[in-house]
2 protein chains.
Amino acid sequence: MHLTPEHFTSEQRLDDGVLERAFTLGAPGPLGEIPGILWTPATASAAAPAPLILLGHPPLGLDKMYPRLVARARHAAADGFAAATIELPGSGDRPRWPEAEQARADLRRAMEAGEPVSDEIIDRLVLPMVDQVVPEWQTALDALLALPELGGPVGYSGGVISIGTRLAVVEPRISAAVLFAGSFVPRAIYEEARQVTIPLHVLLQWDDEGGHRQAALDLFDAFGSKEKTLNANMGGHAGVPQFAGDAAAQFFTRHLR
Amino acid sequence: MHLTPEHFTSEQRLDDGVLERAFTLGAPGPLGEIPGILWTPATASAAAPAPLILLGHPPLGLDKMYPRLVARARHAAADGFAAATIELPGSGDRPRWPEAEQARADLRRAMEAGEPVSDEIIDRLVLPMVDQVVPEWQTALDALLALPELGGPVGYSGGVISIGTRLAVVEPRISAAVLFAGSFVPRAIYEEARQVTIPLHVLLQWDDEGGHRQAALDLFDAFGSKEKTLNANMGGHAGVPQFAGDAAAQFFTRHLR
């Protein structure tokens, strides 16, 4: 699939020259089409294609995530990179996904009851999402990389860490990844982590309310990559400090140039 | 005590314009005088004094450590910082320190026998060193900061992490510290760590042959600082990657300017 003009549903030029284009990719099946956004720096052209960073995010809907995503995209553009994101299945304007909603409800119930979160709930919460989203990211990559203004190595950044882990294993076009260790990790993903070989920069919020610290350390240990950095900072889930974002950007500059 | 010309025992200008001066500070007592080295960037002057970074290092002797120290000093100078280091007691040309040698011999014996390293050995190995070296660093600071070409906030970088921890607690002139988590940590130091409040950047080599990973994570957790970053990278004790050194340098640029 290639992105053609009819896939672009809107277009605007941001004040820093970044071109923001919304797109929709057809995805057969009950989970509907895949909306997404592409940001390209003013300098990107067929003669000087920009490397692409895929922006992962939590399943809260693109509308809600937009302010943070556009900030990350502008940062990437300032470093000469394009950035793109897609709506997760069951989020935003995409059709509801009853199984995912059920898993989230079960998680909430367990946490509100003060019960330990079982492996069974974590598996139901994360694995179907990984199975669904990773091929969607690949579909988006196929479409995006056909644009003449995009080219070179691809990075993946943030979002649900299990999705980033699977993508790093199965998608050879991704050369480097910034992963955010702030979500539940199914046991199966630790095994997949051993197969990851690309350079990784793993962000951990030391006081993440989700209590994901030990899981994050275990997952970091499991990654098979020869170059991997754990960058842990103080603060809660949403409190990644500016300088940690800068360090992640420098990681991409080292690896995508 | 002020550094006066008679304290400087040699002086040379490196090819990048950095001025390297060896000095000796009088220290009464059986552990003798304190030799040290000061590096100042070509731009440092009384009109534009350079902030100072104290370079910690393991007790292997300044001669042996010189290549790595001068590389760190040149990096600091390129960022506009002066750097200084001192010989540790019992190392290099300083008088032998029988108690420290005994503790190191006991450590070696325990490790070669495959025994767990006892808290008693760790205390004997580290605490007298901390008690002796921290006041020596303070003596050096008194002398160095009297030089008109040095001024502004002071950073501490590297070396035995227990020394850096104690210094961060007791020495108010130190504004920020890069600590290297690669040595045994006495229980008492975890308590002191809670009193540290300055910004910290903690380097950990994930595969440190000394097996210090869990101690490093516990110590990082214990530090009382509101801004602290753990930067963990692959490789053994001596394998800190270049980009981790660059990240530490950026930490100082954020905090000492």
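The model shown is predicted, which means the values in this text are computed figures rather than measured ones. (Residues numbered from 1 in each chain as written. Chains lettered and ligands numbered in written order. Predicted model: local features only at pLDDT ≥ 70, side-chain atom pairs only at ≥ 80, totals over all residues.)

Here the focus is the overall build of chain A. Along chain A, the regular secondary structure elements total 7 helices and 9 strands. Here the C-alpha atoms of chain A give a radius of gyration of 18 Å, agreeing with the 18 Å that 2.2 N^0.38 yields for 257 residues. Here chain A holds 257 residues, and 44% of them are scored as buried. Taking the intrachain contacts of chain A between residues at least 6 apart in sequence as the baseline, contacts between residues at least 24 apart amount to 67%. (Helix = DSSP H or I, 4+ residues; strand = E, 2+ residues; numbered from the N terminus. Rg over C-alpha atoms; globule rule 2.2 N^0.38 Å. Buried ≥ 20, exposed ≤ 12 C-beta atoms within 10 Å, placed from the backbone. Contact = placed C-beta atoms within 7 Å.)

In this section: the relation of the copies chain B and chain A. Copies of the same chain, two in number, are related to each other by a rotation about an axis and a translation along it. Overlay of chain B on chain A (RMSD 0.0 Å): rotation 180°, translation along the axis 0.0 Å. The superposition of one copy onto the other is thereby described by a two-fold rotation axis. In terms of proximity to the rotation axis, the leading residue of chain B is N231 of chain B, whose C-alpha is 2.4 Å off the axis. The fraction of interface residues of chain B whose copies in chain A are also interface residues reaches 100%, indicating that both copies meet through the same surface. (Least-squares fit on C-alpha atoms with pLDDT ≥ 70 in both.)

Another aspect to go through is the interface of chain B and chain A. Between chain B and chain A, the residue contacts involve 13 residues of the former and 13 residues of the latter. Going through the elements one at a time, β9 (228-233) and α7 (242-256) of chain B are the ones with two or more residues in the side of chain B that touches chain A. With 6 residues, the top contributor of residues to the side of chain B that touches chain A is β9 of chain B. Note that strand β9 (residues 228-233) of chain A and β9 of chain B share 5 bridges and pair antiparallel. Within β9 of chain B, the residue paired with L230 of chain A across the bridge is A232 of chain B. (Pairing = 2+ DSSP bridges.)

With that out of the way, let us pick up the packing of helix α2 (residues 98-112) of chain A against helix α3 (residues 119-145) of chain A. All names here are of chain A. Running from N to C, α2 and α3 point in directions that differ by 150°, and their axes come no closer than 9 Å. Once α2 is placed against α3, the crossing between them reads as left-handed. Along the contact surface, α2 presents E99, A100, A103, R104, D106, L107 and A110, while α3 presents I121, R124, L125, P128 and M129. Looking at side-chain class alone, the contact of α2 with α3 contains 8 nonpolar, no polar and 4 charged residues. (Axes fitted to C-alpha atoms, helices over the stretch in contact; angles between N-to-C directions. Left-handed = near helix turned anticlockwise from the far one by under 90°. Nonpolar A, V, L, I, M, F, W, Y, C, P; charged D, E, K, R; others polar.)

Residues and elements named next belong to chain A. Across the 7 residues of strand β3 (residues 34-40), 6 count as buried, placing the element largely inside the fold. Where strand β2 (residues 19-25) and β3 come together, 7 bridges link them in antiparallel fashion. By the bridge assignment for β3, T24 is matched with P35. Taken together, the 4 bridges between β3 and strand β5 (residues 82-86) define a ladder with antiparallel strand orientation.

Attention now goes to α7 of chain B. Here α7 of chain B spans 21 Å end to end across 15 residues, near enough to the 21 Å set by a 1.5 Å rise per residue. If you check which residues of α7 of chain B are buried, you get A244, A247, A248, A249, F251, F252 and L256 of chain B. (Expected span 1.5 Å × (residues − 1).)

All names here are of chain B. Most of strand β7 (residues 174-180) is tucked away: 6 of the 7 residues are buried. Looking at chain direction, strand β6 (residues 150-158) and β7 are connected through 4 bridges and run parallel. Across the sheet, residue S157 finds its bridge partner in β7, namely V178. Where the polypeptide runs from β6 across helix α4 (residues 161-170) and back to β7, its parallel neighbour, the crossover connection is right-handed. (Right-handed = clockwise from strand over helix to strand, strands pointing away.)

Attention now moves to the environment of M111 of chain A. All names here are of chain A. Structurally, the position occupied by M111 is in helix α2. Take M111: there are 14 C-beta atoms within 10 Å of it, and that puts it in the partly exposed class. Taking C-alpha positions, M111 is 16 Å from V126, a pair spaced 15 residues apart along the chain.

Take the packing of α3 of chain A against helix α4 (residues 161-170) of chain A next. All names here are of chain A. It is at 9 Å that the axes of α3 and α4 come closest, and there the two elements cross at 50°. By the angle class used here, α3 and α4 are oblique. For the pair α3 and α4, the crossing hand works out as right-handed. The segment α3 lies against α4, with V126, M129, V130, V133, V134 and W137 engaging S162, I163, R166, L167 and V170. Along the lines of polarity and charge, the residues of the contact of α3 with α4 split into 9 nonpolar, 1 polar and 1 charged. (Parallel < 35°, antiparallel > 145°, perpendicular 65-115°, else oblique.)

This part takes up the environment of I174 of chain A. Residue and element names in this part refer to chain A. Relative to the helices and strands, I174 is located in strand β7 (residues 174-180). By C-beta crowding, I174 is classed as buried, having 22 other C-beta atoms within 10 Å. In this structure, the C-alpha to C-alpha distance between I174 and L52, residues 122 residues apart in sequence, is 9.5 Å. Not counting chain neighbours up to four residues away, the residues in contact with I174 comprise V154, G155, Y156, L167, A168 and I198.

Next up on the list: the environment of P89 of chain B. Residue and element names in this part refer to chain B. Mapped onto the secondary structure, P89 falls in the loop between β5 (82-86) and α2 (98-112). Overall, the presence of 23 C-beta atoms within 10 Å leaves P89 in the buried class. Sequence separation between P89 and E33 is 56 residues, and the spatial gap between their C-alpha atoms is 9.0 Å. Residues contacting P89, with those up to four places away along its chain left out, are L31, R94, W97, Q132 and V133.

Attention shifts here to the confidence of the model for chain A. When pLDDT is averaged along chain A, the result is 95; 99% of the residues meet or exceed 70. In the model output, the complex is listed with pTM 0.92 alongside ipTM 0.88. (pLDDT = per-residue confidence, 0-100.)

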